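Chains, contacts and geometry: an overview
One-letter residues, chain by chain:
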Amino acid sequence: YVLYKYSVMFQALKLSLPRLHYKDELFFFGSCFAQNMASELDKDKINVACNPFGAMFHPQAIAVVFNRIMDEKLYTPDDFFNWDGYWFCFEHHSSMAETKLAFYIDKSNALLKETKRQLQTASALFLTFGSAWGYSLNGQVVANCHQQSSSLFRRNISTSDELYQSMHTAIQKVKTLNKDIAVILTVSPVRHLKDGVVENQRSKSLLNLLCHQLSENINVCVYFPSYEFMIDELRDYSFYKRDKVHPNGS
């Protein structure tokens, strides 16, 4: 009964996903939802790699890192700043921080090269977008503000054109590197309610539009409706953690 129920559910969602083998190499990039999906697959001994520079939520921040990886633009001391005894990079998650700059630079460049190698052989790249709201520094959306003063940044919601152009360029570079890779696009079902209920829905709508624009214009891209699946098919809060925002292990 359970298998029948979910087969009907997937048919209703009109999924059209590439066939993947358990030996395939899968790469997850994006929000914490990507990390959770990769973690579940890793438990089943699937060959997965995920977020080498930490979780990223905004498509333009993801595109910045992808362009750096594809162009092999190595990190230099100018890409880092020191705060409270640690070195940080606005292109990375705070979990990447180090106390020694030279070590952080070497680690980042090693990850950059390894990520490009993994993308070159990966069967599928899963991109999970979390929010269209971003914080810009010197005209570039950062991956993380690292608790710096809000006066340094400009908070705004990206336009559909800005989102599309940035991700289209990045994905085309990945496609040039690996012509056989499949790109599965998702919108994280985790609602960013701190932005506001209306603001969150506005953001998710832009991300949904982005995924469909990319899947309609780049032949390696397909859309997986994780957001719709959680919001419409799994409306029962028994599928969520106590915060009623994050999906649980059910």
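Please refer to the structure higher up on the page.
In this report, we go over the structure that sits alongside the text. Keep in mind the model is a prediction, meaning the values are calculated, not measured. The numbering scheme is per chain: residues are counted from 1 as the chain's sequence reads. Local features in this predicted model are restricted to residues of pLDDT 70 or higher, and side-chain atom pairs are both shown and tallied only at a pLDDT of 80 or more, whereas totals for entire chains, interfaces and linings draw on every residue. Computation of side-chain values: all heavy atoms of the structure, hydrogens and water removed.

Put simply, buried Ala, Val, Leu, Ile, Met, Phe, Trp, Tyr and Cys residues joined by side-chain atoms within 4.5 Å make one nonpolar core. Relative accessibility decides the category of a residue: with a 1.4 Å probe and only protein chains considered, values under 20% of the type maximum give buried, values over 50% give exposed, and everything between is partly exposed. Membership of the largest hydrophobic core comes to 50 residues, with the highest contact counts inside it found for L127, M167 and L185. Every helix listed is a DSSP run of H or I at least four residues long, and every strand listed is a run of E at least two residues long, numbered separately from the N terminus. Ranked by residue count, the leading element in this core is helix α3 (residues 59-71), at seven residues. Filtering out sequence-adjacent residues up to four positions away, L185 remains in contact with L127, F129, I171, C211, L214, S215, C221, V222, Y223 and F224. Counting residues in hydrophobic clusters, the runner-up holds 10 residues, among them A34, A38, F126 and V222. Between two residues, a contact is recorded if the distance between any of their heavy atoms is within 4.5 Å.

Take the side chain of N51 next. Note that N51 resides in the loop between β2 (47-50) and α3. When its relative accessible area of 7% is taken as the criterion, N51 is described as buried. Leave out the neighbours within four places in its chain, and N51 touches F27, F28, F29, G30, S31 and Q35.

This part is about the packing of aromatic side chains. Centre distance within 6.5 Å is the pairing criterion for rings of Phe, Tyr and Trp, where only the six-membered ring of Trp is used; planes under 30 degrees apart are then read as stacked, over 60 as edge-to-face, and the remainder as tilted. Per the stated rule, a full pass over the model turns up 11 aromatic pairs. Ring plane angle 55° and centroid distance 6.0 Å describe the contact between W83 and F88, whose orientation is recorded as tilted. Grouping aromatic residues by their ring pairs yields a cluster made of F81, W83, F88, F90, Y135 and F153. Each ring is checked for a lysine NZ or an arginine CZ that lies within 6 Å of its centre and within 35 degrees of its normal; such an atom marks a charge sitting over the ring. Seen from the ring of Y75, R68 lies directly overhead, with NZ or CZ sitting 3.9 Å from the centre. Its guanidinium or amino end placed over the ring of W133, R155 lies 4.2 Å from that ring's centre, counting from NZ or CZ.

Take the number of residues in a helix, subtract one, and multiply by 1.5 Å to get its expected span. Taking 1.5 Å of rise per residue, the 18 residues of helix α5 (residues 160-177) would be expected to cover 26 Å, and the 26 Å separating its terminal C-alpha atoms lies within 8% of that figure. Every buried residue of α5 is accounted for by L163, Y164, S166, M167, H168, A170, I171 and V174.

A carboxyl oxygen of Asp or Glu within 4 Å of a side-chain nitrogen of Lys or Arg is what we treat as a salt bridge. Evaluated as defined, the whole model comprises nine salt bridges. With its nearest N and O atoms 3.5 Å apart, the salt bridge here joins D79 to R68. With D79 in the loop between α3 and β3 (81-83) and R68 in helix α3, this pair connects stretches of sequence that are 11 residues apart. By relative accessible area, R68 is classed as buried at 4%. Residues joined by salt bridges that share partners form a network here, namely R68, D79 and E91.

A word on the sheet that holds strand β9 (residues 182-187). Any two strands with at least two DSSP-identified bridges between them are counted as paired. With parallel pairing, five strands are arranged side by side in an open sheet as β2-β1-β5-β9-β10. The open sheet terminates on both sides in strands that have one partner only, identified here as β2 and β10 (221-223). Each adjacent strand pair in this sheet contributes to an overall mean axis angle of 25°, direction not counted. By the bridge criterion, six bridges tie strand β5 (residues 124-129) to β9 in an arrangement that is parallel. Pairing of T128 across the sheet is with T186, part of β9. Helix axes are fitted to C-alpha atoms over the stretch in contact, other axes to C-alpha atoms as well, and angles between N-to-C directions run from 0 to 180 degrees.

Think of a 1 Å grid over the protein atoms and nothing else: a 1.4 Å probe that fits but is trapped marks a cavity, an open set flanked by protein within 12 Å on at least five of seven lines marks a pocket, and residues with an atom within 4 Å of a point count as lining. Grid points are joined across faces, edges and corners, and a volume is the space filled by probe spheres set on the points. The computed volume of the second largest pocket comes to approximately 670 Å³. By residue number, the principal contributor to the lining of the second largest pocket is strand β6 (residues 133-137), which donates three residues. In this count, Pro and Cys sit with the nonpolar residues alongside Ala, Val, Leu, Ile, Met, Phe, Trp and Tyr, while Asp, Glu, Lys and Arg are called charged and the others, Gly among them, polar. For the lining of the second largest pocket, a count of residues per class yields 12 nonpolar, eight polar and three charged.

What follows deals with the sheet that holds strand β7 (residues 140-141). Taken together, the three strands give an open sheet; going across it, the order is β7-β6-β8, and neighbouring strands pair in antiparallel fashion. Edge positions in the sheet fall to β7 and β8 (154-157), since each of these pairs with one other strand and no more. With four bridges connecting them, β6 and β8 associate as antiparallel partners. Each residue of the ladder has a partner; that of Y135, found in β8, is R155.

Between the first and last C-alpha of helix α2 (residues 32-43) there are 17 Å, a value that for 12 residues agrees with the 16 Å anticipated at 1.5 Å per step. Listed in full, the buried residues belonging to α2 are F33, A34 and A38. Down the axis of α2, the buried side of the element spans an arc of 135°, and every buried residue falls inside it. By definition, the arc is the one covered by directions from the helix axis to the C-beta atoms.

This part takes up unusual backbone geometry. Of note in the backbone geometry, E72 takes a positive phi value of approximately 50° without being a glycine. Positionally, E72 belongs in the loop between α3 and β3. Even without a glycine there, the phi angle at D84 is positive, about 55°. Along the chain, D84 falls in the loop between β3 and β4 (86-88).

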